[in-house]
Amino acid sequence: MNILVCIKRVPDVGSKFYLTEDGQAIDTTNLGFTISPHEECAVEEAISIIEKTGGHATVLTLGPAEAEEQLKDSLARGMTDAILLESDQPEWDPRQTAQAIIEAVKSEEAKNEPFDLIMFGSESADSGNAQIGIRVAHGLDRPIICGLKNLTVTDSKIIGKRDIPNGMEVYETTLPAVVTIKEGINLPRYPSFRGRIKAKKKEIFRLSPDQISRQMEMIQLQHPDEQKKEVEMLGEGISAAPEVVNIFKQLKLLK
Amino acid sequence: MILALIEHDRGIISPYSLQLLSYAHTLKNGDAAHVKAVVIGHNVKNITSELCKYSPDGIVVIEDERLENFSAEAWAGSLIQLAETKDPAIIMAAATDRGNEVLAHIGAQLDLPMSAYTYKIQDGTKKKITRLRWGSSLLEETVLQGKPLLVTIALNVAKAVERSGKAPIIEAFQVEINDKDFRVKLTGRQEDADSGTSLNSASIVIGGGRGVGSGEGFTVLEKLAECIDGAVGGSRVATNNGWIPHSKQVGLTGNRIAPKLYIACGISGAVQHLVGCKGAKKIMVINNDPQAPFFTKADYGVIGDLHEILPAITQELKKN
């Protein structure tokens, strides 16, 4: 099996956002970076597939040179190859991102073997556009199943399950295909020490992607209006218990 | 004209599609003066009669045997064919998994931008919108190019309200169905056997985070939940460590809950988690760190060790 997983480097935000002065981005001066949660699960899923079938699992991202950190992290977990579409341009719109990935896939497939399966997270943590996978599937003329919480891969087809209210739906399609993954499909492993050493030595394949014209022009980011809350402290330790029960009563939560 | 996609499953209209109709009505002017609800499926009479209560200006029914089950590509293909004859200013759907998926397929096929989780269409003609990022923790103002404007509207932005008005004109629209649209096949359904009080319907939810420390640590949360008919959930730290299953996660990549009271235990209050519980009417935070950022978002606070405080509350309740 030959698998490609597309990930995104996103800031690891804590409890509050700070925006840059021009409102164009999150101020990341004091923040670390991570992979979007759904994509972390896509990486795990790809690794567990090739552990059974053998083959390659390549991780790809579009981002700044620093995104090497997220690629190395995926390599340390067990991905076999990594591609960085390096760009200093922040905020590629979804169509631009998809087109860059489509071009990269085409050039990879022309050189090496075709990808049986291309995986995405169902949406990125930061911009949440929820469409890159679908645009890539159309660009490559491949079927796509979205939002998978369970995936079974055979030689020629995939069976995927996704949530609906009160249950799951089962979908099936033939390979080569594209899927988007949701957190919960698996429990991602942490990179092992040995994995990290191996990843350090691995080379990352770098490409300079072309940026097609923009169709979504961001004006600015803003904080939503939020009500200021005044917290009522009920006490410290177990002595607060009667007061907590009083609150239950006040809120009419006890039968 | 606005085309509003109505989602339905086995005869029941999604409440979010009804919210969508209410939102669409607030936009009416210029070339968006008519709101047409679009129903795609097979044997959808009940759905159209139910929809009349929400008084769209018109209902377009696209029926075909092969559309009995949901197919993102076939639904997108049908809407594209409809748009070719109606020339709408806006095509919209609710920002559900299905809504986002169908609109993204349309965007990809027509090479048009699509805004998911749209919070507000500021100016339909200039295509200026505000959309949600980080699960509503941040707003993005953006201008989209091209026509029609493709948007999915964030959930709970508008309330679904029945409206009296002229009976809508119901028209049937025939589409040509492409075999290729069925490359992905729905082959089955599994009902959920989830018993017990669900996170989404419980009046009280008790959540645990890093401070709980282990899977066994959740016992004190569960005991209290039993006592007050509550449900137990947790932060991403708790689910990623395998202490509780992912289906119990409250947060950006888990459940969005709206109980009467949410009791957060040993959770610092990261954005990832806050997004999941901001729908709660009241929030109580129990944390041994008085500096925990979550206290600033809480209505009630208790400082101390959850492993001691929760059993004390359970005991106090039993006394009553």
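Residues numbered from 1 in each chain as written. Chains lettered and ligands numbered in written order. Predicted model: local features only at pLDDT ≥ 70, side-chain atom pairs only at ≥ 80, totals over all residues. Heavy atoms only, no water.

Student: I'd like a rundown of the overall build of chain A, residues and numbers included.
Tutor: Helix and strand counts for chain A stand at 6 helices and 13 strands. Judged by the C-alpha coordinates and their principal axes, chain A covers about 70 × 45 × 40 Å. When burial is assessed residue by residue, chain A has 54% of its 255 residues classed as buried. Counted over contacts in chain A with a minimum sequence separation of 6, partners at least 24 positions apart contribute 71%. Just so you have it, chain A exposes about 12,000 Å², and 48% of that area is on carbon and sulfur atoms. Positive and negative side-chain charges of chain A, numbering 30 and 40 respectively, have mean locations separated by a distance of 5 Å. (Helix = DSSP H or I, 4+ residues; strand = E, 2+ residues; numbered from the N terminus. Buried < 20%, exposed > 50% of the residue type's maximum accessible area, 1.4 Å probe, protein only. Contact = heavy atoms within 4.5 Å. Areas by Shrake-Rupley, 256 points an atom, 1.4 Å probe, with all protein chains shown as cover. Lys, Arg positive; Asp, Glu negative; His and termini not counted. Charge placed at Lys NZ, Arg CZ, Asp CG, Glu CD.)

Student: Which residues make up the sheet that holds strand 7 (residues 114-123) of chain B, and what values go with them?
Tutor: Taken in spatial order, the 10 strands make up an open sheet running 12(A)-9(B)-8(B)-7(B)-10(B)-6(B)-1(B)-4(B)-5(B)-11(B), and their pairing is mixed. Bordering the open sheet on either side are strand 12 (216-222) of chain A together with strand 11 (169-172) of chain B, each of which pairs with just one other strand. Put simply, the sheet's adjacent strands are angled 35° from each other on average, direction ignored. Along the sheet, helix 3 (residues 72-86) of chain B makes contact with strand 1 (2-6), strand 4 (35-41), strand 5 (58-63), strand 6 (90-94) and strand 11 of chain B, crossing strand 4 of chain B at roughly 145°. The sheet contacts of helix 4 (residues 97-110) of chain B involve strand 1, strand 6, strand 7 and strand 10 (149-153) of chain B, and relative to strand 10 of chain B the element is tilted by about 170°. (Pairing = 2+ DSSP bridges. Axes fitted to C-alpha atoms, helices over the stretch in contact; angles between N-to-C directions.)

Student: I'd like a rundown of the nonpolar core, residues and numbers included.
Tutor: If you look at the biggest cluster of nonpolar residues, it comprises 96 residues, and the most contacted ones within it are Leu117 and Met119 of chain A. In terms of residue count, helix 3 of chain B provides more of this core than any other element does, 8 residues in total. Those residues in contact with Met119 of chain A that sit more than four places away from it in its chain are Ile3, Leu4, Val5, Cys6, Ala42, Glu45, Ala46, Leu151, Val179 and Ile181 of chain A. Ala241 and Phe248 of chain A together with Ile286 and Leu306 of chain B belong to the second largest nonpolar core, which has 34 residues in total. (Core = buried A, V, L, I, M, F, W, Y, C linked by side-chain atoms within 4.5 Å.)

Student: Could you give an account of the sheet that holds strand 17 (residues 300-303) of chain B, with specific residues and numbers?
Tutor: Taking strand neighbours across the sheet as the criterion, the 6 strands line up as 13(A)-17(B)-16(B)-15(B)-13(B)-14(B) in an open arrangement whose pairing is parallel. Sheet topology places strand 13 (232-236) of chain A together with strand 14 (231-234) of chain B at the edges, where each strand pairs with a single neighbour. Each neighbouring strand pair of the sheet contributes to a mean axis angle of 20°, computed without reference to strand direction. Lying over the sheet, helix 6 (residues 241-250) of chain A contacts strand 13 of chain A together with strand 15 (261-265), strand 16 (282-287) and strand 17 of chain B, oriented at roughly 145° with respect to strand 13 of chain A. Sitting on the sheet, helix 5 (residues 219-228) of chain B touches strand 13 (204-208) and strand 14 of chain B, and the angle it makes with strand 13 of chain B is about 180°.

Student: Tell me about the packing of aromatic side chains, and please be specific about residues and values.
Tutor: Across all of its chains, the model carries 2 aromatic pairs over all chains by this definition. With a centroid separation of 5.4 Å and an interplanar angle of 55°, the aromatic rings of Phe17 of chain A and Trp134 of chain B are classed as tilted. Pair noted here: Phe17 of chain A is in the loop between strand 2 (9-11) and strand 3 (33-35) and Trp134 of chain B is in the loop between strand 8 (128-133) and strand 9 (138-144), and the two residues belong to different chains. Here Phe17 of chain A and Trp134 of chain B have matching classes, each one buried. A centroid spacing of 5.0 Å and a plane angle of 75° characterise the contact between Phe70 of chain B and Trp75 of chain B, whose relative ring orientation is edge-to-face. Here the two residues Phe70 of chain B and Trp75 of chain B agree in accessibility, since each one is buried. (Phe/Tyr/Trp six-rings, centres within 6.5 Å; stacked < 30°, edge-to-face > 60°.)

Interpretation in functional terms is not warranted from these geometric data alone.
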